[in-house]
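# Per-entry structural report
This is what each chain is made of:
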Amino acid sequence: MTAPHHTSASPAAPAPARTVRKAVVPAAGLGTRFLPATKATPKEMLPVVDKPAIQYVVEEAAAAGLDDVLMITGRHKRAIEDHFDHAFELEQALAAKGDTVRLDAVRDPARLANIHHIRQGEPLGLGHAVLCARRHVGDQPFAVLLGDDLIDPRETLLSRMLQVRDRHDGTVVALMEVPPEQIHLYGCAAVAPAAEEGVVRVTGLVEKPSRQDAPSTYAVIGRYVLDPAVFGILERIPPGRGGEIQLTDALQELAAGGTVHGVVFDGLRYDTGDKADYLRTVVRLACDRPDLGPEFLAWLKEFVATAEGDTADRHPLAA
Ligand code: UTP
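One structure accompanies this document, and this report is about it. Remember, it's a predicted structure, so these values are computed and weren't measured experimentally. (Residues numbered from 1 in each chain as written. Predicted model: local features only at pLDDT ≥ 70, side-chain atom pairs only at ≥ 80, totals over all residues. Heavy atoms only, no water.)

All right, on to the site of the ligand then. Near the ligand there are 19 residues, and of these Gly31, Thr32, Glu44, Gln120 and Gly125 occur at the shortest range. Within the backbone of Gly31, a nitrogen or oxygen atom sits 2.7 Å from an oxygen atom of the ligand. Here an oxygen atom of the ligand sits 2.8 Å away from a polar atom, N or O, in the main chain of Arg33. Burial of the ligand by the surrounding chains reaches 85%, relative to a free accessible area of 580 Å². When atoms are counted within 2 Å of each cavity's grid points, the one that captures over half of the ligand is the largest pocket. (Near = heavy atom within 4 Å. Polar contact = N/O pair within 3.5 Å; in protein donor to acceptor, adjacent residues only side chain to side chain. Areas by Shrake-Rupley, 256 points an atom, 1.4 Å probe, with all protein chains shown as cover. 1 Å grid on protein atoms, 1.4 Å probe; cavity = no way out; pocket = protein on both sides within 12 Å on 5 of 7 lines; lining within 4 Å. Sits in = over half its atoms within 2 Å of the grid points.)

Bringing helix 9 (residues 247-256) into the picture now. For helix 9, the set of buried residues is Leu247, Thr248, Ala250, Leu251, Leu254 and Ala255. The buried residues of helix 9 occupy an angular sector of 160 degrees when the element is viewed end-on, so they sit on one face. The elements touched by buried residues of helix 9 are helix 5 (126-131), strand 9 (171-177), strand 11 (199-207), strand 12 (218-226), helix 8 (229-236) and strand 13 (260-264). Following helix 9 by one or two positions, Gly258 has its phi on the positive side, about 80 degrees. (Buried < 20%, exposed > 50% of the residue type's maximum accessible area, 1.4 Å probe, protein only. Helix = DSSP H or I, 4+ residues; strand = E, 2+ residues; numbered from the N terminus. Arc of directions from axis to C-beta. Contact = heavy atoms within 4.5 Å.)

Now for the environment of Pro228. Tracing the chain through its elements places Pro228 in the loop between strand 12 and helix 8. Its relative accessible area of 12% is what places Pro228 among the buried residues. For the pair Pro228 and Gln140, spaced 88 residues apart in sequence, the C-alpha separation works out to 5.8 Å. Residue contacts for Pro228: discarding those within four places in its chain leaves Gly138, Asp139, Gln140 and Pro141.

Here you go:
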């Protein structure tokens, strides 16, 4: 772990006590599901239409009022750092041409928030990545947004989670119902009702359980508002599943103490670290874009019709 350094000049105003102001974005995983694309590029930097996935995540944090973002980076730190920094030569060249639209697009990432970076020396697990944020975060609650997990920009999940934290203190996780055959891919929550619509009490958590052992079909997705008490737990827990320091194991301890709530999310979420989901994300967000969508969607319809015809030709009995 190294000391964080800063790529944005303007200092943040002092945070009022107990209010969440800081976001942590872990982006130091190996991204093995996306090899070979992720051999020399972090998966968080893969483009979704024309922005890297991690830019959507930082935009989401900024939209929820979190103006201090700490990136936890790994082997390919440079690409992420450079993306959220100024690019003087490029900016000069675009300014000289009077290309203000592209100039803004190049400048936007560095203007989103005060962005800091710290390196996770070894990818010892998500829990370890979060622990790397301890000194920067201090004794305040903070948000964690996974750098490859996209929530559609039209959703307000993170703001809802921050409100739940303000009302109940403790820790807040985001939960999504998944089909039982997919629960082994996620952390899974045991839940009890809470008095609030769309909110549950989390009574236990288990990382990637088999379908038989899963206490529910509520999957924990990549948004958290964590109480700083999580750091003390992460520091002392042994490696768990896969030999990694698991955030889920620390959350399980907090849940046993009765301090974890879940916000149930049924909106649009994309896991860009998974190849098939990545492709769906690009197609959907491209279709939504006013500048690209109409033409792309027209092409897509034609492509699908042709592809269906091709399939029928190749498998006449299946048609
Ligand atoms: P994943 O389990 O999706 O990341 O972690 P991974 O290990 O890179 O993925 P695969 O399975 O090999 O493809 C969720 C998030 O936690 C970060 C990842 O970068 C991702 O944003 N992470 C994971 C870390 O920052 N450090 C780690 O040690 C592990």
